[in-house]
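Here is how the chains run, residue by residue.
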Amino acid sequence: MFPHLAPLSGSQSPHDLSRNALAGFFGIAERWGLDNAQARALLGEPAPRTFFKWKKGDAGVVPGDVLRRIGYVSAIWKALQIVYQDPAMADTWVARPNRAFGGQTPLERMCAGDVTDLAIVRDYLDSARSPWS
């Protein structure tokens, strides 16, 4: 879906891995219609200056916690593409209130601040994809 990204592999330099991960993240953020505050929350609240450098493509080497968060966001996006055949439905799911999250939207849950909030949304979608769990 994001053709400008090279496949992530162990042979990439840390700089390339960071750059590719952030490019993918910002592509998903755009599809989900996130504002900068929401995107920063998903990334773990990096300093504004750092966030805007990353957004411009000046990644440097991103901390492991941020890469972990991006991994969760990517997995959530991919799961939504599997669950919903309509890409628009998949991309708007994060903004619709959900009883599983106490009436919050999945995005509100993911932006709560802790990486476990991202994990909870991912686990929810993984269970939705797997009828035998």
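On a predicted model such as this, the values are computed, not experimentally measured, just so you know.

**Q** Explain the nonpolar core residue by residue, including any values.
**A** Membership of the largest hydrophobic core comes to 33 residues, with the highest contact counts inside it found for F25, W32, L42, L43, L80 and M110. Looking at this core, the elements with two or more residues in it are α1 (14-32), α2 (36-42), α3 (48-56), α4 (64-83), α6 (106-110) and α7 (115-129). For L42, the contacting residues outside a window of four places in its chain are F25, W32, L34, R69, V73, L107, M110, C111 and L118.

**Q** Give a description of the pattern of salt bridges that names residues and reports values.
**A** Throughout the structure, instances matching the rule amount to seven salt bridges. Among the ionic pairs, R40 bridges to E45, the shortest N-O distance being 3.5 Å. Here E45 falls in the partly exposed class, since its relative accessible area comes to 46%. With its nearest N and O atoms 3.5 Å apart, the salt bridge here joins D126 to R122. Of the two residues, D126 and R122 both sit in helix α7, four residues apart, roughly one turn of that helix. Counted as one network, the salt bridges with shared partners bring together D65, R68 and R69.

**Q** Quick rundown of the packing of α1 against α4? Include the residues and the values.
**A** Where α1 contacts α4, the two axes come as close as 10 Å, and the packing angle between them is 45°. Here α1 lies oblique to α4, going by the angle between them. Handedness of the crossing formed by α1 with α4: left-handed. Together, L17, S18, A21, L22, F25, I28, R31 and W32 of α1 and L67, I70, V73, S74, I76, W77 and L80 of α4 make up the contact between the two elements. Taken together, the residues of the contact of α1 with α4 sort by class into twelve nonpolar, two polar and one charged.

**Q** Now, about the packing of α4 against α7: what can you tell me, with residues and values included?
**A** The interhelical angle for the contact between α4 and α7, taken along N-to-C directions, is 25°, at an axis separation of 9 Å. Comparing the axis directions of α4 and α7 gives the class roughly parallel. Crossing of α4 against α7: the hand is left-handed. Contacts between α4 and α7 involve R69, Y72, V73, A75, I76, A79, L80, I82 and V83 from the first element and V115, L118, A119, V121, R122, L125 and R129 from the second. Residue composition of the contact of α4 with α7, grouped by class: 13 nonpolar, no polar and three charged.

**Q** Mind laying out α7, listing which residues take part and the relevant values?
**A** Look at α7: 21 Å from first C-alpha to last across 15 residues, which is about the 21 Å you get at 1.5 Å a residue. D117, L118, A119, V121 and L125 are the residues of α7 that are buried. At its buried positions, α7 is contacted by α2, α4 and α6.

Reading guide: rules and limits
- Residues numbered from 1 in each chain as written.
- Predicted model: local features only at pLDDT ≥ 70, side-chain atom pairs only at ≥ 80, totals over all residues.
- Heavy atoms only, no water.
- Core = buried A, V, L, I, M, F, W, Y, C linked by side-chain atoms within 4.5 Å.
- Buried < 20%, exposed > 50% of the residue type's maximum accessible area, 1.4 Å probe, protein only.
- Helix = DSSP H or I, 4+ residues; strand = E, 2+ residues; numbered from the N terminus.
- Contact = heavy atoms within 4.5 Å.
- Salt bridge = Lys/Arg side-chain N within 4 Å of Asp/Glu carboxyl O.
- Axes fitted to C-alpha atoms, helices over the stretch in contact; angles between N-to-C directions.
- Parallel < 35°, antiparallel > 145°, perpendicular 65-115°, else oblique.
- Left-handed = near helix turned anticlockwise from the far one by under 90°.
- Nonpolar A, V, L, I, M, F, W, Y, C, P; charged D, E, K, R; others polar.
- Expected span 1.5 Å × (residues − 1).

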